[in-house]
Amino acid sequence: MKILIKPYLAILSIFMLNKVSAQSVEGFASLNEARLEPFKMEVTYNKTSHVLFPSPIRYVDLGSENLIANKAEDVANVLRIKSSVKNFEEETNFSVITQDGKFYNFDVFYSSYPDTLNYDMLKLQRNNERHYATDVLFEELKGESSTLTELLVKTLYEEPKRTVKHLGSKSYGIQFILKSLYIHEGKLYFVLQLNNKSNISYQIDFVNFKIVDKKNLKKTASQEKVLSPLRNYPNLESVQHQSKSSILYLLNQFTLLEGQILEIEIWEKDGGRHQKFQLENSDLVNAKVVDTLNLKIR
């Protein structure tokens, strides 16, 4: 009988242990419920694969030295990736974060003859995308959803109404204006418009936002404070002849001290048709508040 009792005692002990363990995690969801399914991808040594993302790439992390990757030159949303060695056997992975706040994860296998070399993430259906991509919160957005910010940026950029009608500059057939200025949750949205009425395209070198003292406009730049935008949309590089284009810049909200102005300037690459105009503090504090807005979700 003693020999028969021991197995039953062991089974009872296991049952009680499992019951206690179950009670100890009661009320807590399994981490598997938060699992982000990875894409499956094949790479090879003699050919390069390309992944096209819906937004510029902010971060790439490779799981092993068997992979090499970099962004395509002058194209912010294309990642080039290939194997650094032939015939690696172990599965590896890589992760990507894009500027619109999406996190993507890929499981990678080696193949001498991959079925596919180019991947377009824009073709993902939204009901599938949620299994493979998730939101991240960028520090500069101070916890605000990056996806919501991206949608707001695109919606305000496409808003046809002009909220500012008195700020801009014009010369050499180029008109540079502040089309609209919005504020939402501690962020300022500047919509700038460049009208090129000349017969020569305007190649954009850079756009500057800087706070300057009115008394020092003609002096050195030592009193200037250059502001760094959090976002710009789209990535505008040129405006063709006899056409116009807009670009939106997102900045943390700020106001000006007495005697200061905000100067916005645009510089032409390999040219001299630079434009600039100034904003007063009254222009900033009268920015249009975004309260009710239909976000355009595609």
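What you see is a predicted model, and the numbers here were worked out from it, not measured in a lab.

Draft legend 1. Main features of the pairing of strand β19 (residues 275-279). Covered by surrounding structure in β19 are Q275, F277 and L279 only, the residues K276 and Q278 on the alternate face being uncovered. Pairing of strand β18 (residues 260-268) with β19 involves five bridges; the strand directions are antiparallel. By the bridge assignment, E265 is partnered in β19 with K276. Counting the residues between successive antiparallel strands, the hairpin from β18 to β19 contains six residues, one of them, D270, with a positive phi of roughly 55 degrees.

Draft legend 2. Just the pattern of salt bridges, in detail. Taken as a whole, this structure holds seven salt bridges when the rule is applied. In this structure, E224 and K210 form a salt bridge, with 3.3 Å as the shortest nitrogen-oxygen distance. Placement of E224 in the loop between β13 (202-213) and β14 (225-227) and of K210 in strand β13 is noted, with a sequence separation of 14 residues between them. For E224, a relative accessible area of 28% gives the class partly exposed. Salt-bridge contacts for E263 lead to K276; the nearest nitrogen and oxygen are separated by 4.0 Å. A residue pair is termed long-range when its members are at least 10 positions apart, and E263 in strand β18 and K276 in strand β19 qualify at 13 residues. Taking relative accessible area as the criterion, K276 reaches 44% and is therefore assigned partly exposed. Several salt bridges converge on common partners, so that one network encompasses K210, E224, E263, E265 and K276.

Draft legend 3. Spatial organisation of the sheet that holds strand β5 (residues 78-83). Strand order in this open sheet of four strands is β4-β5-β2-β8, and the pairing throughout is mixed. The sheet is open, and its two edges are formed by β4 (67-71) and β8 (118-120), each paired on a single side. Strand after strand, the sheet turns through a mean of 15 degrees between neighbouring axes, direction not considered. Looking at chain direction, β4 and β5 are connected through five bridges and run antiparallel. Each bridged residue has a counterpart across the sheet, and for L67 the counterpart in β5 is S83.

How each quantity is defined
- Residues numbered from 1 in each chain as written.
- Predicted model: local features only at pLDDT ≥ 70, side-chain atom pairs only at ≥ 80, totals over all residues.
- Heavy atoms only, no water.
- Buried < 20%, exposed > 50% of the residue type's maximum accessible area, 1.4 Å probe, protein only.
- Helix = DSSP H or I, 4+ residues; strand = E, 2+ residues; numbered from the N terminus.
- Pairing = 2+ DSSP bridges.
- Salt bridge = Lys/Arg side-chain N within 4 Å of Asp/Glu carboxyl O.
- Axes fitted to C-alpha atoms, helices over the stretch in contact; angles between N-to-C directions.

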